[in-house]
Amino acid sequence: MVDLTAKPYNLSEEDIDWVNTTIESMSLDEKIGQLFVNMGASRDEEYLTSVLDTYHIGAVRYNPGTAAEVWEQNRILQSNAKIPLLIAANTERGGDGAVTDGTYVGHAVKIASTNDPVYAYELGRISGVEAAAVGCNWSFAPIVDIMRNWRNPIISNRAFSADPDQVLELSREYMRGIMESGIMPAAKHFPGDGIDERDQHLSASVNSYSTEEWDETFGKVYQGLIDDGLPSIMAGHIMLPAYQKHFNPDMTEDDLLPATLSKEILTDLLRGKLGFNGVVVTDASHMVGLTGAMARKDLLPASIAAGADLFLFFNDPDEDMTWMKEGYEAGVITDERLTEALQRILGLKARLGLHKTPREQLFPPKDEALAKIATPENVAVARKVSEAGITLVKNKQDVLPICPEKNKRVLVIAVGGPANPISRAFGGGGAAKHPADVVAEMLRERGYEVTRHESLLDKLAKMSPEEQAEAVKNIYAGKAPISALTDNYDLVLMVSKIDGLMQPTERVAWPATKGTVDIPWYVHEIPTIYVSTATPYALVDVPQVKTYINAYDDRDDTLEVLLDKLEGKSEFVGVSPVDAFCGKIDTRI
């Protein structure tokens, strides 16, 4: 039995009676349905009510939409649900994780680079206000991973820091801020990402720390948040071999499983050693880190049996419901485990007061809700984060500050990684065009003569395959006098945007060229500044540059603040919370 009088629930006898009475009144199909978090495929009322009536889902994580669209969707859902729903948003960066027109505050690493925990609180507070306004009550945030492997493409700018103490401090502040609006945070991704270099969307992922190392880092973070009353945790599809073997010394390597399927990790470590009493939800069930472990018909009930309470996303709802139910009927999910999961799910709903609040009062009237989205006060916080967070990582040349008198002729070069439409679809925090184009326009407005470089890749994209082959064949025979640069430009400004989400790597995609300016081979001939507007680890691929800056995103207001700092109108005060030098000697030269 789950102690619902203890944190994070702190329920009264009346509340607990509602939980238990509701469970007793459920059919088996309704109990199985409560275990699922649906990803809505439509906001059509007929679809929404059909999902509720057919699958009896316990929670929802919806597709992005405007505040008006999401408010209406959530009104329909809560008004028609037999048992009130947990409705989750993904407010990692601000209210824009709840609604597309919400407030972006900053990626976690940018928040940490301000070296001021007030911005982590503001991130949580703004996220909570805007998510609650449209009827959300749950958030898959904060990210409490510890970023210690610069090659990791999925966490990168989404994690606060490489320092567990800083991660804990900022996560606590985020949690405090978001819970002020009645949003229950789900810290992720247990048992901890940022050690492996792989993305569990695409492959297996392993946290290779020893039990002692884990206790001093990830364990410290999770234990601190649990002690503070953390209501829920998202389990990642991440193996933790040291602790799985610790609790099961007879296991072999063939028995290793991601945390989402491991009783040793979810029950023995999380529930037992750390004493977590709240809700556990799996990460998305389409990820290869999960699906690569066993057949879907087996992994569905195995995840609940291991200690997860909620299973994130159907593949096919009819198949998944059938397989989860068959797992129960076969004894994979015991009566005790099913009841515990339901008690925690309903206990969290009772903690939110969903059981005794009239459905129409679960979120504000529509006009009041929309008035809370992207207020001028909230939007202004993002600029403050840029002022405090943009980081001058390396400066070993006499180039700053720049000005039109000294650096009149500027060559702006765009740098990118592999084409990544997935990142943009999930919201990259910036405009559709490359930030180099925005910077070029802004520099012209400030009085500079700007040339926006057309790269070899740009040129090749306009050619036929035959023309491409001919152009590339002659690269190394071509002539590229250095004077073509030094006679025409006073400064080279390289602006990169490299996103790694759902990609096997987060590295620059250099054209194989000789003599072109796409690769900064000329740093000793002409002053060169490199700015990264996404990954904080771009320096590893341009160690020769003498001035390197992490701006962390490519929003227009961020780029305006960046140029103010380049011109000396404000100081660079950001402090990198991760090793932007990537552990390399040459990046520091």
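Residues numbered from 1 in each chain as written. Predicted model: local features only at pLDDT ≥ 70, side-chain atom pairs only at ≥ 80, totals over all residues. Heavy atoms only, no water.

**What about the sheet that holds strand S12 (residues 491-497)?**
Part 1: What the 6 strands build is an open sheet, ordered S9-S14-S13-S12-S10-S11; its pairing is mixed. Here the strands that pair on one side only, and so sit at the sheet edges, are strand S9 (391-395) and strand S11 (449-452). Averaged over all adjacent pairs, the angle separating strand axes in this sheet is 20 degrees, with direction ignored.
Part 2: Sheet topology note: the strand S13 (residues 528-532)/strand S14 (residues 547-550) ladder contains 4 bridges and is parallel. (Pairing = 2+ DSSP bridges. Helix = DSSP H or I, 4+ residues; strand = E, 2+ residues; numbered from the N terminus. Axes fitted to C-alpha atoms, helices over the stretch in contact; angles between N-to-C directions.)

**Structural notes on the pattern of salt bridges**
Part 1: Taken as a whole and assessed by the stated rule, the structure comprises 34 salt bridges.
Part 2: Where Glu 173 meets Arg 176, a salt bridge forms, and the shortest distance between an N and an O atom there is 2.7 Å. Within this pair, Glu 173 and its partner Arg 176 are both found in helix H7 (residues 164-179), separated by 3 residues, close to a single helical turn.
Part 3: A relative accessible area of 19% places Glu 173 in the buried class.
Part 4: Across the salt bridge formed by Asp 579 and Arg 588, the nearest N and O atoms sit 4.0 Å from each other. (Salt bridge = Lys/Arg side-chain N within 4 Å of Asp/Glu carboxyl O. Buried < 20%, exposed > 50% of the residue type's maximum accessible area, 1.4 Å probe, protein only.)

**What about the environment of Leu 411?**
Part 1: Structurally, Leu 411 is set in strand S10 (residues 409-416).
Part 2: Judged by its relative accessible area of 3%, Leu 411 is buried.
Part 3: For Leu 411 and Val 379, which are 32 residues apart along the polypeptide, the C-alpha to C-alpha distance reads 32 Å.
Part 4: Look past the residues within four positions of Leu 411 in its chain and what remains in contact with it is Thr 451, His 453, Leu 485, Tyr 489, Leu 491, Val 492, Leu 493 and Val 517. (Contact = heavy atoms within 4.5 Å.)

**Observations concerning the pairing of strand S3 (residues 86-89)**
Part 1: Residues Leu 86 and Ala 88 point to one face of S3 and Ile 87 and Ala 89 to the other, with burial holding for every one of them.
Part 2: Pairing geometry for strand S2 (residues 59-61) and S3, over 3 bridges, is parallel. Residue pairing across strands places Ala 59 opposite Leu 86, the latter belonging to S3.
Part 3: Since S2 and S3 lie parallel, the crossover through helix H4 (residues 67-80) that links them has a hand, and here it is right-handed. (Right-handed = clockwise from strand over helix to strand, strands pointing away.)

Shape descriptors only; they carry no functional weight alone.
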